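Below are the chains, spelled out letter by letter.
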Amino acid sequence: MTRRLPAQAGEVINRSTPLSFKWDGGNLSAFEGDTIASALLANDKRIVSRSMKYHRPRGYLTADFWDPNGFVQVGDDPNVRSGHRLVENGMTIDPQNVWPSLDYDMKAANGLVGRFLTAGFYYKTFIKPQAMWPVYEKVLARFAPGGTVDLDTPHGYHDKRYAHPDVVVAGGGPAGMAAAISAASLGARVMLVEHEHALGGHLRWGNAEDRRLLDELRGKVEGAGVEILTNSTVTGRYEDNWTAIVQRSHPIAVERLIKARAKVLVVAPGLIERPYVFTGNDKPGVMLSGAVRRLINMYAVKPGERAVVFTGNADGDAAIVDLERVGVTVARVVDARQGENIVVAKGGAKALDSVELSDGSVIEADLLVTAVGWTAPTSLLNMAGDRPVYHAGSARFYPSAEIHNVLATGGIAGDGDADQLLAHAEATGRLAANRAAAVAHRVQDLTARALPVQGPEPTWPEDDRQSLPRDSHPALFRSTTHGIVDYSEDVDSKDLVAAAKEGYDSVELLKRYTTATMGPSQGKLETVNTVAVLAEARGETIQEVGTTVWRPPYAPITLGALGGRVFEPVRVSSIQSWHEANGATPILAGAWVRPDHYGDPAAEVTNTRTNVGIIDVTPLGKLDLQGPDVPKLLNHLYTNKWSQLPVGSVRYGIMCAEDGVVLDDGVTGRLSDNRYLMTTTSSGAATIWEWAENWLQTEHPDWQVHVTPVTSGFTSINVAGPKSRALVSRLVDNVDLGPDAFDYMQVRSGTVAGVPNCFMWRIGFTGELSFELHVPSGHGLHVWTALLEMGNDLGVKPFGLEAQRIMRLEKGHFIVGQDTDGLTKAPSLGMNGLIKLDKDDFAGKPELAWAMEQSLPSLVAIQTTDPAEVPTEASQIVRAGTNEILGRITSSRMSPTLDRSICLGQVLPEAAPAGTELTIVMIDGRRITARVMEHQAHFDPEGQRLRG
Amino acid sequence: MGVLQKSKPARYSAVGLVRRGLRGDTWPRVWREVPLKKSYDVVIIGGGVHGLATAYYLATNHGITDVAVLDKAYLGSGGSGRNTAIVRSNYLTPEGVAFYDRSLQLYKTMAADLNMNVMFSERGHMTLAHTDGALRTMHWRAEVNKLQNINSSVIDPAEVKKLAPSLDTSSHPRYPILGALYHPPGGTIRHDAVVWGYARGADARGVEMHQKTEVLDITVEGGSGPDGKGPGGTVTGVRTSKGDISAPIVVNCTAGWATLISDMAGVRLPISTRPLQAAVTEPVKVFLPTVVVSGSLHVYVSQTDRGELVFGASVDPFNNYSVRGSLDFTEELASHVLELMPGISRMRLLRQWAGLCDMTPDYSPVMGFTPVQGFLCDVGWGTYGFKAGPVSGEQMAYCIATNETPELISAFNLSRFAAGELVGEKGAAAVGH
């Protein structure tokens, strides 16, 4: 059976394009322009879902985006608003939350025990036996509402857009259109954002006069140079009118997030019709007047055969006209303004068959239409700090405060005839445009201080709008019977009253206890009725009870749109292609991918210690420091002294935070009088740049220092091993590399493999004779391959991070963040000679002065008694025979050079003296013994090799 | 002491539900509404889980019932109702482990103790490692935990996938899952129920709960600061929006507002207040059976029995008292969550909010006595206050009743900041949950 009516004057469906789709396994037809809801109703499918708790059959209530009963699964898309989503040809749509089927749902048995499943029932039961709760929990979890996520859903395309309009108008009804037109006429750049698929708001389902006005406004707004976004929602207003708009109508993106810095935001969302609370109000066949009018006028769907209309306002009256026009028998009009009331909607579970009135009469009907008033969706204003105020005469909330850059117009601001509303909207548009201009002037003034001020600041445009009248409206929230208040949470008014009596009697407690208003529409339909029921239970006014706070987003937004392209770049050096082509095993180090090894890290160690090895150390943080006050900055950041560093020299230093905890370490070289190159750890590159800038900008703005991060500007290669000098000298021709001319801890600049402007310094982490080359990054690969070619006879081989880690551990060099942790202070490192307390103030000095007097944990070299045992890093060191922790292994490896296991560890002072026997708890629980070594270096403690 | 009007506690049970359902009876008030008195033995400022647990254990363990709990809004309106309800005990330091493990034990028996189902879901807690450095930290925590007999171990990506099939454990380019610290006793709990359960239990023993009662000042005599406040002083009571109260003991359990309240007594705290944001999606059928945390991606996620995904993150990087959320937070959150679970891009974010965290320099709380006699603190709870609620209440009650600091919280005294004896939880600074 079809419920499709003959052509209606305002219909939005295109009858020349029929569509077919699948619903619950069966094939149905629709027209282009149909929502899923209108298509299902046109096919006489009146039951669309089952309720969350009692699994009661539910039909459409509002038949729009906010319909609490209209959630369906469309393919891999769960929780689709069927009152909003348009039907596409071939769409597969399924009901959610039903088992085994929409028609016969076993869980509807819950309804039989409904009176025991009062709100919060789960807090009062499943308490004993405690061991059973996990079992109950699993059962309850099966009752979770909502659709199903297909975990193989592709991420899809989601870009983001930034916009800087003068005015964003949220809501494209008559008021929003009029405001946009008048703002644009004053030259403002306007974005008009409409939640529905087309502009027009309630005019779209109105009468002939409404349609005439709609055509006129649409024509004007389309010619006004306004950017129109339909099927898009302003979901949030954040600080300084940072406005989030979700665009569902983008041709490619599933959903797109537009971030707009609106100088002025105009809030014109219209009003949301409120349901009425009475027994049976969730039976399929009970609908709001707006739903009925949308179905008839926009979609040409006949919503029923015989109707009772409960009306308290002009919209209800208009619904009667529409119903009668399309041949629905209006069996009875129940006029709330005459004191009439409806009491119970009766019928079987699946359909309404009659309505009981307060006068006791029972009217047969398959459709009950209610028109009891509206809720003002003040969310965007709330997000700007406004708290709505209740106005008893018109039985709804209004915005309260005047916010300078957020203006409300349309139904949310008041009532009146079309002329009054349009006049208010036009005045709002003018005010918005003028204020946007004033804001623009202020911004310009702030950003262009250096320029002469151009004329006086314009006066701030005052709000001269005439406020809209507030029509009186009967206060219609709940009838004399109890019924559903929150459809999506299956909470009825009896639950709310009971919860209030139990003491959950503030609106926030009530919400948390009963879950009313916590469902997918976040209270847009339910909040005011919840407040009204609570006020009644407490004997207070609605204003005294107040509302809950609306928070973003106004309409739910997909994680895909928020996440965007999920663009997390991976950094690589200019040599990466070579690494990949030559069998490097990659490792992720911070944001960088680098070679862990090229097949055999132990062999790489041996070759470097015997011949020569090269490693790509590009991720080393590099900061170019220039200016006369660089020594002041270095003295402040490092714990040692920097005033006397000669040009051509390099020095090692440790940096501490203000709490004395080790932040980073590295070397800085003086390239010329006023120019230095600082290297930081790879992971500390960004942190140390910010750290330096923080001191310069907040504490020492007078210091003349420029800090430029150049990490990616240079490709860095360390050439290490006894034959490194021989190799490097083959590539460098204008620098004397002789041991006397270029000593350890010195820096030179020169040409490497024909590449000018390279820096090289004699420093290395491996403990071998080393030359670290910093090559302009475009030439990195060239220098790398040149080294390999020129050093073939010297036995040059690349080595990776793992070989470097082994060699540094052999040398006892610590790694910040591995051998130190968030509490390791500099004196724990055994390098107190580098902490110069006789220096002027430096970062961490007061704390270090204190810490030097304390006995702190120490970093020591450790060797296991059994040379073959390599304790996993993080293995704990305990007092023998107990579980008392004395320290932990921070680094451990098998040393190819020493052919034994070697470790670094942090231990308490009592366990730090050389020769102390330690007990290590292996990861498998075994306990082994080990010994604290005399030197931190396991190999070449005197450093003969690197000075060679 | 006046005669205490004790409410008759009605036992919650399935039988009770059926009986009342049949009769159509409602349940008695969960806690009474009574007028504020002029004096109490103990005034607790802050009606969250810490304040209420303190009141409850004062009454149950020590028989001290002339107690008022004051809250400027409603019970549980602060961090107790804004957290992501995760509990665990796999901390890094022995002090931390012992303390949080006691809390976990109290949570385990709480439903029976309070006769209220707090829905403790021992679903396991997984902290993912995306770098070898993070994996090392996981091993560190696991090894410390094992020595303390805490069930905690490092698992490999295959085991991770088995426990949470929605996670992308492929060789992901940017944030590969290299393993995880797995803590089976961790899980989630219904945070509001904990608040209500303690309030109900305390009420049944005579404690008074006063909502919408804001503390305006704390009265102190004999202190070295202005108005006789500050070190050396003795607390005499509080001034509230509903009248003055005299009390020899005043306890500060106000989390994000801790420094503002402490300042009223002239006690300075090394605490800064930062917002912590969270968000929740629409419900879908349950697919994520454990709690998943990623330090590198600054996100933690669990799925409620209702089917919503609850997300949290790290604290905002600046001091602020605002509880409005930011757009950037949701964007970053979504992109990070999708790194972990690419299949959920069509799920929709339903609501975002923020709470206030009272951060200390060493990621550990400030508990016990202060330089003002009679003024005690249970603050500095940062991002981990909810999971510590029960044990904090128990230990603070002991502190108040015996005038002695119990061993379990001795490391958390205020004087540690002057003595330089910070607690080592910051050692493995990562996202806290």
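Residues numbered from 1 in each chain as written. Chains lettered and ligands numbered in written order. Predicted model: local features only at pLDDT ≥ 70, side-chain atom pairs only at ≥ 80, totals over all residues. Heavy atoms only, no water.

Draft legend 1. Up close: the overall build of chain A. The helix and strand inventory of chain A stands at 24 helices and 49 strands. Scaling as 2.2 N^0.38, a compact globule of 948 residues should have a C-alpha radius of gyration of about 30 Å, whereas chain A reaches 37 Å, well beyond that. With respect to the principal axes defined by its C-alpha atoms, chain A has extents near 110 × 80 × 55 Å. For chain A, the residues scored as buried account for 62% of the 948 residues in total. Across chain A, the fraction of contacts at a sequence separation of at least 24, relative to all contacts at a separation of at least 6, is 66%. In the structure as shown, chain A presents an accessible area of about 35400 Å², 52% of it carried by carbon and sulfur atoms. Chain A carries 91 positive and 112 negative side-chain charges, and their two centres are separated by 2 Å. (Helix = DSSP H or I, 4+ residues; strand = E, 2+ residues; numbered from the N terminus. Rg over C-alpha atoms; globule rule 2.2 N^0.38 Å. Buried < 20%, exposed > 50% of the residue type's maximum accessible area, 1.4 Å probe, protein only. Contact = heavy atoms within 4.5 Å. Areas by Shrake-Rupley, 256 points an atom, 1.4 Å probe, with all protein chains shown as cover. Lys, Arg positive; Asp, Glu negative; His and termini not counted. Charge placed at Lys NZ, Arg CZ, Asp CG, Glu CD.)

Draft legend 2. Quick peek at the domain arrangement of chain B. Residue and element names in this part refer to chain B. Segmentation of chain B into domains returns domain 1 (34–116 + 191–271 + 362–429) and domain 2 (125–184 + 273–357). Averaged C-alpha coordinates put domain 1 and domain 2 at centres separated by 29 Å. Listed as interface residues are 21 residues of domain 1 and, on the opposing side, 27 residues of domain 2. Carbon and sulfur atoms make up 65% of the area that domain 1 and domain 2 hide from each other, which totals about 2000 Å². Its largest share of buried area at the contact with domain 2, domain 1 owes to Arg82, Thr84 and Asn90, together 29% of the area lost on that side. Connecting domain 1 to domain 2 are zero salt bridges. Linking domain 1 with domain 2 are six residue pairs in polar contact (both at pLDDT 80 or more), by the criterion used here. Put simply, the parts of the chain that give the side of domain 1 that touches domain 2 at least two residues each are helix H3 (94–108) and helix H8 (258–265). Of the residues belonging to the side of domain 1 that touches domain 2, the class tally is 10 nonpolar, eight polar and three charged. (Domains from an automatic or database assignment. Buried area = accessible area lost by both parts, 1.4 Å probe. Salt bridge = Lys/Arg side-chain N within 4 Å of Asp/Glu carboxyl O. Polar contact = N/O pair within 3.5 Å; in protein donor to acceptor, adjacent residues only side chain to side chain. Nonpolar A, V, L, I, M, F, W, Y, C, P; charged D, E, K, R; others polar.)

Draft legend 3. Molecular detail of the confidence of the model for chain B. All names here are of chain B. Overall, the prediction assigns chain B a mean pLDDT of 91, with 95% of residues at 70 or greater. Within the model, the stretch residues 1–7 combines pLDDT values under 50 with 11 contacts to residues more than four positions away or in other chains. Segment residues 427–433 is flagged for pLDDT under 50; beyond a separation of four residues in sequence, or across chains, it makes 28 contacts in the model. Per the prediction output, this complex has pTM 0.90; the corresponding ipTM is 0.93. (pLDDT = per-residue confidence, 0-100.)

Draft legend 4. Highlighting the sheet that holds strand E27 (residues 406–408) of chain A. Residues and elements named next belong to chain A. Pairing within the open sheet is parallel, and its five strands lie in the order E11-E10-E9-E15-E27. The outermost strands of the open sheet, each flanked by one partner alone, are strand E11 (227–229) and E27. Neighbouring strand axes in the sheet, compared pairwise and without regard to direction, differ in orientation by 20° on average. Where strand E9 (residues 167–170) meets strand E10 (residues 190–193), four bridges bridge the pair, whose relative direction is parallel. Looking at E10, one finds that valine 169 is bridged to leucine 192. Its contacts with the sheet put helix H5 (residues 174–185) on E9, E10 and strand E15 (264–267), and the angle it makes with E10 is roughly 170°. (Pairing = 2+ DSSP bridges. Axes fitted to C-alpha atoms, helices over the stretch in contact; angles between N-to-C directions.)

Draft legend 5. Quick look at the packing of aromatic side chains. Counted according to the given criterion, the structure contains 28 aromatic pairs over all chains. Ring centres 5.4 Å apart and planes at 70° place the aromatic pair tyrosine 513 of chain A and tryptophan 196 of chain B in the edge-to-face group. Here tryptophan 196 of chain B lies in helix H7 (residues 191–204) and tyrosine 513 of chain A lies in helix H12 (residues 507–514), a pairing that spans two chains. According to the relative accessible area criterion, tryptophan 196 of chain B is buried, its value standing at 1%. Pairwise contacts between aromatic rings join Tyr91, Phe99, Tyr100, Trp381, Tyr384 and Phe412 of chain B into one cluster. The residue whose ring lies beneath lysine 124 of chain A is tyrosine 12 of chain B, and the NZ or CZ to ring-centre distance is 5.2 Å. The ring of tyrosine 175 of chain B has arginine 174 of chain B sitting right over it, with the charged end atom 4.6 Å from the ring centre. (Phe/Tyr/Trp six-rings, centres within 6.5 Å; stacked < 30°, edge-to-face > 60°. Lys NZ or Arg CZ within 6 Å of the ring centre and 35° of its normal.)

Draft legend 6. Molecular detail of the interface of chain A and chain B. Between chain A and chain B, the residue contacts involve 107 residues of the former and 92 residues of the latter. When the two sides are added together, the surface that chain A and chain B hide from each other amounts to roughly 8800 Å², 56% of it contributed by carbon and sulfur. In terms of surface lost to chain B, no three residues of chain A exceed Tyr123, Arg512 and Leu559 of chain A, which account for 9% of the buried area on that side. Taken together, chain A and chain B are joined by 13 salt bridges. A salt bridge links aspartate 132 of chain B to arginine 805 of chain A; the shortest N-O distance between them is 2.8 Å. Examined bridge by bridge, strand E30 (residues 557–558) of chain A and strand E17 (residues 348–359) of chain B share two bridges and lie antiparallel to one another. Residue isoleucine 557 of chain A lies in a different strand from E17 of chain B, and its bridge partner there is leucine 349 of chain B.

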